[in-house]
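The chain contents come next:
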Amino acid sequence: MGSSVLFGVVANPASGKDVRRLVARASVFDNQEKQAIVERALIGAEAAGATAFAYLDDPNGIVASAVRENGRLCAKPLDTTRTRTALDTITAARALKDLGCSVVITLGGDGTNRAFALGWPDAPLIPLSTGTNNVFPRLAEATLAGAAAGLIASGQLELGEVAAQQKAIQVTVADERPDLALIDAVLSRERFVGARALLQPEQLDTALLTRAEPAAVGITAIGGLLHPLSRDAEGGLLLRFGPGGERVRAPITPGLYKTVEVAECRAIRLGECVAANGPGVLAFDGERDRSLKPGQPVELKVERTGPWVVDIRQTLELAARKGLFSMDASGKRRKKRAGRKRRA
């Protein structure tokens, strides 16, 4: 497909199905619903002028099934791993970057988008929420998300006109590979990764947040109920857990409130280092991911180096002002292509 690849699609078959359906009341997004979401996104992209896309060919065939139902776009499955782990999303991100995709639609939760950012840190994304703790992706109608992708992919709108670069947490672990988080990085005093979800507040030690949202669930809600911080704020929020500070009742996962003791809560600057030490488990964007040995140091800092996220409403409003969905007398769309500019 080469240079004709215009946008990408990555649907995580595992999102929306973890342990939080057993211990709380989180919703389930089955693969049939994800397929329907992809189908609507493809319809929207085609209506907006896209002609081709590439996709992660997951083992459950979510996007492949959608392609069979709507085969009007030229579709390219990526030749990537099929491990049924986050590695599949990471390698798909790298492949889509190499293909030169101008925008990528992701289906999943915070963890899915973090995995994508591990493969392509400053990727241009339209993240659709189909996971559990959904702070980074948003609930949106897929038809409109697809239309926004089509407008960018076909060159009618510039990414810089309708997208903003997000913050990310850069994680440096002594003697190990670096890591990142998009919403929160948390050190807990648990010793094993286990079921991955953070469900025991008494084990929490330190958290660094890129945003603190009182109208969300998870660690970001703890910060948000004490010191709200938006995604646009130039800085992050540090939480040190333990007695001697404030007690807050927060929803740590859908359908589950816990009382959490916070010894310290303060804003930090972009680039300011936060230090912590093992033993414990590092959790990124709601999932326990890496174990630290006793005394092993870790440094965390918030920087604006994350993905570029497309504002769907802003994209469609700009398209309307430019008349990009207007039709001529013969029933054809009047295409007004913007010159492509390289992102900074």
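These numbers were taken from a predicted model, which means no experiment stands behind them. In this numbering scheme, every chain counts its residues from 1 along its sequence in written order. Whole-chain, interface and lining totals are the exception, using all residues; otherwise, since this is a predicted model, local features are given only for residues with pLDDT of at least 70 and side-chain atom pairs are given and counted only at 80 or more. Side-chain numbers come from the whole structure's heavy atoms, not from hydrogens or water.

Draft legend 1. Molecular detail of the packing of aromatic side chains. The pairing test for Phe, Tyr and Trp rings, Trp by its six-membered ring, is centres within 6.5 Å, and the orientation test on the planes gives stacked under 30 degrees, edge-to-face over 60, and tilted for anything in between. The tally for this structure, following the rule as stated, stands at 3 aromatic pairs. Taken together, a centroid distance of 5.3 Å and an interplanar angle of 20° make the contact between phenylalanine 7 and phenylalanine 53 stacked. Of this pair, phenylalanine 7 sits in strand β1 (residues 7–11) while phenylalanine 53 sits in strand β2 (residues 52–55), and the two are 46 residues apart along the sequence. With a centroid separation of 5.7 Å and 35° between ring planes, the pair formed by phenylalanine 53 and tyrosine 55 is classed as tilted. In this structure, phenylalanine 53 and tyrosine 55 share a single accessibility class: buried. Three or more aromatic residues link up through ring pairs in this structure, and these residues are Phe7, Phe53 and Tyr55. The helix and strand labels rest on DSSP assignments: H or I over at least four residues marks a helix, E over at least two residues marks a strand, and numbering proceeds from the N terminus. Throughout, exposure labels follow a simple rule: accessible area from a 1.4 Å probe, protein chains only, divided by the maximum for the residue type, with under 20% read as buried, over 50% as exposed, and the rest as partly exposed.

Draft legend 2. Local environment of the packing of helix α6 (residues 142–153) against helix α9 (residues 312–321). Lines fitted to C-alpha atoms define the axes here, with helix axes fitted over just the stretch in contact, and angles between the N-to-C directions of these axes take values from 0 to 180 degrees. Two elements in contact, α6 and α9, have axes whose closest approach is 9 Å; the angle formed by their N-to-C orientations is 60°. Classified by the interaxial angle, the pair formed by α6 and α9 is oblique. Between α6 and α9 lies a crossing whose hand is left-handed. Of α9, the residues touching α6 (which contributes Leu144, Ala145, Ala147, Ala148 and Leu151) are Ile312, Thr315, Leu316 and Ala319. Should an angle fall under 35 degrees it is taken as roughly parallel, and over 145 as roughly antiparallel, whereas 65 to 115 is taken as roughly perpendicular and any remaining angle as oblique. Two helices crossing with the near one rotated counterclockwise from the far one by less than a right angle form a left-handed crossing, whereas a clockwise rotation gives a right-handed crossing. Only heavy atoms enter the contact rule, under which two residues are in contact if any of them lie within 4.5 Å.

Draft legend 3. Local environment of the packing of helix α2 (residues 31–47) against helix α3 (residues 62–69). Interhelical geometry of α2 versus α3 gives an angle of 50° and a closest axis separation of 8 Å. Classified by the angle between their axes, α2 and α3 sit oblique to one another. Every pair of crossing elements has a handedness; the one defined by α2 and α3 is right-handed. The residues of α3 that touch α2, namely those facing Asn31, Lys34, Gln35, Val38, Glu39 and Leu42, are Ile62, Val63, Ser65, Ala66 and Glu69. Residues are sorted three ways: Asp, Glu, Lys and Arg are charged, Ala, Val, Leu, Ile, Met, Phe, Trp, Tyr, Cys and Pro are nonpolar, and all the rest, Gly among them, are polar. A per-class count over the contact of α2 with α3 returns 5 nonpolar, 3 polar and 3 charged.

Draft legend 4. Fine view of the sheet that holds strand β7 (residues 168–173). Pairs of strands are assigned from DSSP output, requiring at least two bridges between the strands. The strand order across the open sheet built from 4 strands is β8-β7-β16-β13, with neighbouring strands paired in antiparallel fashion. Looking at the sheet topology across the chains shown, the edges are occupied by β8 (179–181) and β13 (274–277). For this sheet, the mean inter-axis angle between neighbouring strands, taken without regard to orientation, is 25°. With 6 bridges joining them, β7 and strand β16 (residues 297–303) adopt antiparallel strand pairing. Bridge pairing in β16 places valine 171 opposite leucine 300.

Draft legend 5. Looking closely at the pattern of salt bridges. Counted as salt bridges are all cases of a side-chain nitrogen of Lys or Arg within 4 Å of a carboxyl oxygen of Asp or Glu. One pass over the full model with this rule turns up 20 salt bridges. Measuring nitrogen to oxygen at the nearest pair gives 3.0 Å for the salt bridge that ties aspartate 179 to arginine 177. Given a relative accessible area of 3%, aspartate 179 falls into the buried group. Residue classification places arginine 177 among the partly exposed positions, given a relative accessible area of 49%.

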